[in-house]
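# Observations on the three-dimensional arrangement
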Amino acid sequence: MPVTKVTTLFLIHLFALSMADGEEAFTILSPSRETNSLITVSVTIKGDQVSLKKGLQLSLDFPPTTIVASSNQPLFYVTGNQVHEGKPAAAVIDFSKSTTDIASIVITNFEIAEGYAYLSLDREENFLLGANYREGFIDVYQLDENHIPTTRVSSLNEGRKNAHCVLLSPDNRFVYIPYVKDTNALFQYQFNQETGALTPLKKLNADPPLGTGPRHLAYHPSLPFLYFSNEQHVGVSVYRKSVDGHLANIQVCDITGLRLPEDGRSASDIVITPDGKFLFTGLRAAKHGLDHISRWEIRKDGLVKHLGLTKADEVPWGMALSPGGDYLVVTGFGAGTLMVFRIEDGGDLTRVATMAWDEKISDVVTWAP
């Protein structure tokens, strides 16, 4: 997590940064399954100096793993990846009254049918969508007038496990569900913006190349291209979207500059810069001491070129861009660290800050109040 998880989404597209005395500031939020909490970290940038300061740690009634943020309100949706009967496994955290006073932050639990490894909102923010990894369910919940998920209005299961992402197209008309490992599929649906219903396209499976394992996706900000991190193949897949929503694979790009073993390595998250020039993906290979961030250039024709690798802490998992798009935020799942990299003009990454926090944090979003 799950554009941002930036997710992508798991990325908040707010470009107005808090500015005071020459300082630029934003907030990082991540769910911690170890401490049953939502952790906030304030980021302050002054010139080339970047400082991280742990803020609130909001207690939740369940072990949260997955988060998505509203793009226009101070609301954050958090779920666990499992449901325990009789116990809550999801909550909405509302910072509209305060960002610092725990007593004024409203936490509303809501019911979910499954646990989710990925969450997203439709582009109009009328529905919450979740992808269940273990059994492959995709669920859609309607939001009420208070933006709380209520009725599950749509649910589908194609009989395949390992669904890893569910993210609406920028025009809010289509949904694509990638499946990893042996499932290796990419299912395509039309989205009903009024009801939340998902209808299979004429060709349901976009047939990703064998062994790629598309995991998370990022949409090009202006061109009809989609980019997937390939969990098994470890590279990036590029698809062209037609007017009717069908996808066609036009490239599978390998990483370069590193010889990887066949086992004990996989890709994680993917994010795209707001100008559509660069992609970043996580390379998890802790077994071999080869954890990296993989850097990619997006050419004018939409295809990608691998630029190189930047060393990361153990198991780089969740990724998000800063609200202005100048910094890359990464969670070290195995190391128990939060990493911040500055994105240079040519797509290189310079690590500018690291902070220790809980282990096993897989999702991250950023926010500029």
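Structure shown above.
Only a predicted model underlies this, so the values are computations on that prediction, with no experimental measurement involved.

Our next topic: the packing of aromatic side chains. By the definition in use, this model includes eight aromatic pairs. Ring centres of Phe95 and Trp367 lie 5.5 Å apart, and the angle between their planes is 50°; on these two criteria the pair is classed as tilted. In this pair, Phe95 sits in the loop between β7 (90–94) and β8 (106–109) while Trp367 sits in strand β29 (residues 365–367), placing the two residues 272 residues apart along the sequence. A single burial state applies to Phe95 and to Trp367, both of which are buried. For the pair Trp317 and Phe333, a centre-to-centre distance of 4.2 Å together with 35° between the ring planes defines the contact as tilted. Placement of Trp317 in strand β25 (residues 316–321) and of Phe333 in the loop between β26 (327–332) and β27 (337–343) is noted, with a sequence separation of 16 residues between them. Note on Trp317: relative accessible area 22%, which makes it partly exposed. Phe333 sits in the buried class, given a relative accessible area of 15%.

The antiparallel open sheet is built from four strands, whose spatial order is β21-β22-β23-β24. Whereas interior strands pair on both sides, the edge strands pair on one side only; in this sheet they are β21 (266–272) and β24 (304–311). Looking at each pair of strands side by side, their axes are set apart by 25° on average, direction ignored. As judged from the seven bridges shared by strand β23 (residues 292–298) and β24, these two strands associate in the antiparallel manner. Residue pairing across strands places Glu297 opposite Lys305, the latter belonging to β24.

The rules behind these values
Residues numbered from 1 in each chain as written. Predicted model: local features only at pLDDT ≥ 70, side-chain atom pairs only at ≥ 80, totals over all residues. Heavy atoms only, no water. Phe/Tyr/Trp six-rings, centres within 6.5 Å; stacked < 30°, edge-to-face > 60°. Helix = DSSP H or I, 4+ residues; strand = E, 2+ residues; numbered from the N terminus. Buried < 20%, exposed > 50% of the residue type's maximum accessible area, 1.4 Å probe, protein only. Pairing = 2+ DSSP bridges. Axes fitted to C-alpha atoms, helices over the stretch in contact; angles between N-to-C directions.

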